[in-house]
Amino acid sequence: MNQKRVFPNVLTLVCACAILLSSCVGVPAANNTPVPPTVAPAVQSTQAQTGSGATPAGIQTSGFDKLGPVTLNVVQGETGESRLNSTKCIVAAYEKKYPNVTITVDFKDLSTYLQTVKLLMTGDNPPDVAQGNQVRDIIPPLIQANAIVNFDTYNSAYGWDKKFAPAVIRPNRYSTDGTKLGEGSLWGLSPYTEFVGYFYNKDLLQKVGVTDINQITNLDEFEKVLDKAKQMGIQPIVLGDSDKLTSNHFWANMTIDYWDPQKYSDWVYGVTGSNVNNDAVLTATARFADWYKKGYINSDINGLQRSDGYARFGAGGGLFIPSGNWAASDVYNGLKDKVGFMLFPAGTTGGKKAAVGSVNLPWVVSTKSKHIDLAMNFVDFATTSNETVDCIIQNATLPAVGIPQGKTFPIPLTNEVAAAYNDLSANGVLVPWGDWPTPRMLDVLGSGVQQVMVGQVTPQTFVESLQKEWDSFYVK
């Protein structure tokens, strides 16, 4: 999305597993599956932990029931069903804890929200709490405008470094001048973990002769399934990308099937000398465009809204839909237990499975809020509390702080998603979102993917445009 996003060290997930999953041995079953260490700490589920020491002077972390009637205004830009319902559940739980506090939530369309959040947060009457975005054209300008609160002091009070794994908290760090992503001060907290794979229609999969999804072990075998579906009159892949936010994840996963995921991650994080303009990415991009040309991808993808893509898939209009775990509730509503989930098939990079992903949009707090301590307490509650974890799990998505042992999801599909993530942590790699490198990369990438699919630009021109944008930001 990034909308949401990870770090070079996270790519060696097997090593991370050895350290972080030491307390998870013997919990392989999907119903008890812990979120892998790339996105959340091992099953310790640290919601009950306290801060790292004494509360810093001048910071209030409790006693908010004694404030009298008070209202916090919150704005959220993620409006998928699971996110909407999770937030409503979390707000109700917080208001139950503090009956004197009223939380008003204004839900905005994501595409519009991302275009207006900077104006919203730098205006005269910003909300107390809002969702930021790790991309460079949102959080850095808000830092530079002194529009959002530095979380460092509150981090000391609440112990967030202990509640979240380093890989979870790092995407919300920026240097105090807003120039360096992934290091420096903490500016927000994300409640959810995100990654991208394929949802699939189990009935249609059987029609094309695949009785076990594990039969598809690599990209070539996957394409054979797409081709057979097309020959049988079944739409192989359906997706809505009118907001230019979805198909770039699809392209990125194709890319890391060909290009070393470490090098891809280095490019996202601005490592000197990184270059996306190479033969591996060109080959991946050409294959991606070829899938559209062959009809494997629905012809109206660029004009179809994301929600309409989910609805079409849910009505049986496609064999696969590439999307993130945030879409689980949306696609489940249509197909119920006939929908499954799989990781992208392994490509040429050592036969490993790979996925793009990280954490979702973080909660940030306005410097103009009259109730900053209360707002920070709400952010802590809305990301780490037991009540929040329950709300997130009930609404079929993955909490960033981890899944406590014994917790199960209300729909089997999310258990499949969690199991797929465990597979990724043990056998694959996770890389950050491709729109992170520069302030304009989200638009350059989103528009470019649409153009290369329909043949308006060549793969060479597209890849050159990505590197040109990268160079404009990093090469001085």
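Attention here is on the structure that accompanies the text. (Residues numbered from 1 in each chain as written. Predicted model: local features only at pLDDT ≥ 70, side-chain atom pairs only at ≥ 80, totals over all residues. Heavy atoms only, no water.)

1. Brief notes about the environment of Thr176
Which entries qualify depends on this criterion: Only DSSP runs of H or I reaching four residues or more are called helices, and only runs of E reaching two or more are called strands; each is numbered from the N terminus.
You can see Thr176 is positioned in the loop between strand S4 (173-174) and strand S5 (185-186). Each C-alpha atom of the pair Thr176 and Leu186 lies 9.2 Å from the other, and the pair is 10 residues apart in sequence.

2. A few points about the sheet that holds strand S2 (residues 101-107)
Two pairing modes exist for strands in a sheet, parallel and antiparallel, and in both the strands are linked by backbone hydrogen bonds. Note the cut-off: One requirement defines pairing of two strands: DSSP has to find at least two bridges between them. Axes here refer to lines fitted to C-alpha atoms; in helices the fit is confined to the stretch in contact. Angles between the N-to-C directions go from 0 to 180 degrees. In what follows, residue pairs with any heavy atoms lying within 4.5 Å of each other are defined as contacts.
The sheet built from four strands is open, its strands ordered S2-S1-S3-S10 with mixed pairing. Where the open sheet ends on each side, the last strands, each with one partner, are S2 and strand S10 (363-365). Put simply, the sheet's adjacent strands are angled 25 degrees from each other on average, direction ignored. For strand S1 (residues 70-76) and S2, the ladder comprises seven bridges, and the chain directions are parallel. Looking at the pairing, Thr71 lines up with Thr102 of S2. Along the sheet, helix H2 (residues 81-97) contacts S1 and S2; its crossing angle with S2, the most-contacted strand, is approximately 170 degrees. Sheet strands in contact with helix H15 (residues 372-384) are S1, S2, strand S3 (129-131) and S10, and its direction is about 170 degrees off that of S10.

3. A look at the pairing of strand S9 (residues 353-359)
Stated formally: Each residue gets one of three labels from its accessible area relative to the maximum for its type: buried under 20%, exposed over 50%, partly exposed in between, using a 1.4 Å probe on protein chains only.
Counting buried positions along S9 gives six out of seven residues, so the element sits mostly inside the fold. The sheet contact formed by strand S6 (residues 193-201) and S9 spans three bridges and is antiparallel. Across the sheet, the residue bridging to Glu194 is Ser358, located in S9. In terms of strand pairing, S9 meets strand S11 (residues 428-431) through four bridges, oriented parallel. Opposite Ala355, over in S11, you have Leu430 as the bridge partner.

4. With respect to the packing of aromatic side chains
Centre distance and the angle of the planes are the two values used to describe a pair of aromatic rings. Defined as follows: Note on aromatic pairs: the rings of Phe, Tyr and Trp (six-membered ring only in Trp) are paired at centre separations within 6.5 Å, and the planes decide the class, stacked below 30 degrees, edge-to-face beyond 60, tilted for the rest.
Summed over all chains, the structure comprises 25 aromatic pairs. An angle of 40 degrees between the planes, with centres 5.5 Å apart, marks the rings of Phe151 and Trp160 as tilted. Here Phe151 matches Trp160 in class, with each residue buried. Measuring from ring centre to ring centre gives 6.1 Å for Tyr269 and Trp436, while their planes differ by 90 degrees; the resulting arrangement is edge-to-face. With Tyr269 in the loop between helix H11 (261-268) and helix H12 (279-293) and Trp436 in the loop between S11 and helix H18 (441-454), this residue pair connects regions lying 167 residues apart in the sequence.

5. As for the nonpolar core
Spelled out, the test is: Think of a nonpolar core as a cluster: buried Ala, Val, Leu, Ile, Met, Phe, Trp, Tyr and Cys residues, connected wherever their side-chain atoms sit within 4.5 Å.
With 147 residues, the main nonpolar core has Trp160, Phe199, Trp291 and Phe320 as its most contacted residues. Apart from residues lying up to four places away in sequence, Phe320 is in contact with Tyr198, Phe199, Tyr200, Leu205, Phe222, Val225, Leu226, Pro236, Ile237, Val238, Phe313 and Met342.

6. A word on the packing of H2 against helix H16 (residues 386-394)
For clarity, the threshold we go by: When describing relative orientation, an angle under 35 degrees is termed roughly parallel and one over 145 degrees roughly antiparallel, while 65 to 115 degrees is termed roughly perpendicular and anything else oblique. Helix crossings get a hand from a simple test, with the near helix turned counterclockwise from the far one by less than a right angle marking a left-handed crossing and a clockwise turn marking a right-handed one.
Relative to each other, H2 and H16 sit at 155 degrees, their axes nearing to 9 Å. When the interaxial angle is binned, H2 and H16 end up roughly antiparallel. Crossing of H2 over H16 shows right-handed handedness. Contacts between H2 and H16 involve Ser86, Cys89, Ile90 and Ala93 on the former and, on the latter, Glu387, Thr388, Cys391, Ile392 and Gln394.

7. Re the pattern of salt bridges
To be explicit about the condition: Salt bridge, as used here: a side-chain nitrogen of Lys or Arg that lies within 4 Å of a carboxyl oxygen of Asp or Glu.
Taken as a whole and assessed by the stated rule, the structure comprises 17 salt bridges. Across the pair Lys294 and Asp290 runs a salt bridge whose closest N-O atoms are separated by 3.1 Å. Since its relative accessible area comes to 39%, Lys294 is described here as partly exposed. One salt-bridge network, held together by shared partners, links Asp220, Glu223, Arg287, Asp290 and Lys294.

8. Some words on the environment of Asn253
Of note, Asn253 is situated in helix H10 (residues 247-255). Distance in space between the C-alpha atoms of Asn253 and Pro322 is 9.8 Å, their sequence separation being 69 residues. Aside from chain neighbours lying at most four places away, what touches Asn253 is Val196, Phe344, Ala354, Ala355 and Val356.

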